[in-house]
Amino acid sequence: MAGGYMVAFAGRQYAARSVPVFVADNTNTITSFTLVLEFQKGTLQNLYWKKFGCDSCSGKSVVCLNNQDCAIRTSQCKASGGPVDCNLGIQLAFSGTDKNNNVFNSWYEVANLRQYSLFALYSNLRNTLTGPFTNLL
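Residues numbered from 1 in each chain as written. Predicted model: local features only at pLDDT ≥ 70, side-chain atom pairs only at ≥ 80, totals over all residues. Heavy atoms only, no water.

Chemist: I would appreciate a short explanation of the nonpolar core in the present structure.
Modeler: As a rule of thumb, soluble globular proteins bury nonpolar side chains together. With 18 residues, the main nonpolar core has Phe33, Leu47 and Trp49 as its most contacted residues. Elements with a minimum of two residues in this core: strand S4 (21-24), strand S6 (32-40), strand S7 (43-50) and strand S8 (62-65). Apart from the residues within four sequence positions on either side, phenylalanine 33 is in contact with Met6, Val21, Phe22, Val23, Trp49, Leu88, Gly89, Ile90 and Gln91. (Core = buried A, V, L, I, M, F, W, Y, C linked by side-chain atoms within 4.5 Å. Buried < 20%, exposed > 50% of the residue type's maximum accessible area, 1.4 Å probe, protein only. Helix = DSSP H or I, 4+ residues; strand = E, 2+ residues; numbered from the N terminus. Contact = heavy atoms within 4.5 Å.)

Encoded structure:
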């Protein structure tokens, strides 16, 4: 199977479009992405995928791809019969200026938030809450 990619785009007459970003193939699946919307005086100029490196990669099912992305081995995903929930998550961040020329800088904060990732906690909590009910459906 060839790798799966995604592209973000916005606009009607003028369209901003991101470059394609790798999501998954038979070997690895990336589940967390940050899309930065770049504005100039309130007008969307660009969309790009922010990379944060592999400092937050941890766990035996997680690998670092190209020193840029944490990925989960696709064989470990629930869709492949594994224990890991590989649902896609996209965080939005903003860069540039609004119509009053005030600076957007939320993308600086995304890096800080990623170090306190609640992904594992969320997954464990969800499994705890939904697990007892799976046999009822």
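Chemist: Any chance you could explain the pattern of salt bridges here in plain terms?
Modeler: Note on pairing: side chains with opposite charge can pair once their charged atoms come close. Throughout the structure, instances matching the rule amount to one salt bridge. The salt bridge partner of aspartate 69 is lysine 51, with a shortest N-O separation of 3.0 Å. With aspartate 69 in strand S9 (residues 69-73) and lysine 51 in the loop between S7 and S8, the pair connects residues that are 18 residues apart, well separated along the chain. On the basis of relative accessibility, which here comes to 13%, the residue aspartate 69 falls in the buried class. Judged by relative accessible area, lysine 51 falls into the partly exposed class, the value being 30%. (Salt bridge = Lys/Arg side-chain N within 4 Å of Asp/Glu carboxyl O.)

Chemist: How should I be thinking about the packing of aromatic side chains in this particular structure?
Modeler: Any two aromatic rings considered together are summarised by their centre-to-centre distance and by the angle between their planes. Going through the model one piece at a time under the given rule, you end up with five aromatic pairs. With a centroid separation of 5.8 Å and an interplanar angle of 70°, the aromatic rings of phenylalanine 33 and tryptophan 49 are classed as edge-to-face. Separated by 16 residues along the polypeptide, phenylalanine 33 in strand S6 and tryptophan 49 in strand S7 bring together distant segments of the chain. Given a relative accessible area of 3%, phenylalanine 33 falls into the buried group. Look at tryptophan 49 and you get buried, because its relative accessible area is 11%. Between phenylalanine 39 and phenylalanine 94, the ring centres sit 6.3 Å apart and the planes meet at 35°, which makes this aromatic pair tilted. With phenylalanine 39 in strand S6 and phenylalanine 94 in strand S10 (residues 89-97), the pair connects residues that are 55 residues apart, well separated along the chain. Overall, the relative accessible area of 32% leaves phenylalanine 94 in the partly exposed class. An aromatic cluster is defined as three or more aromatic residues linked by ring pairs; in this entry it consists of Phe39, Phe94 and Phe104. We note lysine 50 situated over the ring of phenylalanine 52; from NZ or CZ to the ring centre the distance is 5.9 Å. (Phe/Tyr/Trp six-rings, centres within 6.5 Å; stacked < 30°, edge-to-face > 60°. Lys NZ or Arg CZ within 6 Å of the ring centre and 35° of its normal.)

Chemist: Looking at this structure, I do not really get the sheet that holds strand S11 (residues 103-105). What am I missing?
Modeler: Through backbone hydrogen bonds, the strands of a sheet pair up, either in parallel or in antiparallel fashion. Ordered by their spatial adjacency, four strands build an open sheet running S7-S6-S10-S11, and the pairing between neighbours is mixed. The open sheet is flanked by S7 and S11, the only strands paired with a single partner. Sheet twist, expressed as the mean angle between neighbouring strand axes with direction ignored, is 25°. Pairing analysis gives seven bridges linking S6 to S7, with the strands arranged antiparallel. Of the residues in S7, the one forming a bridge with leucine 35 is tryptophan 49. (Pairing = 2+ DSSP bridges. Axes fitted to C-alpha atoms, helices over the stretch in contact; angles between N-to-C directions.)

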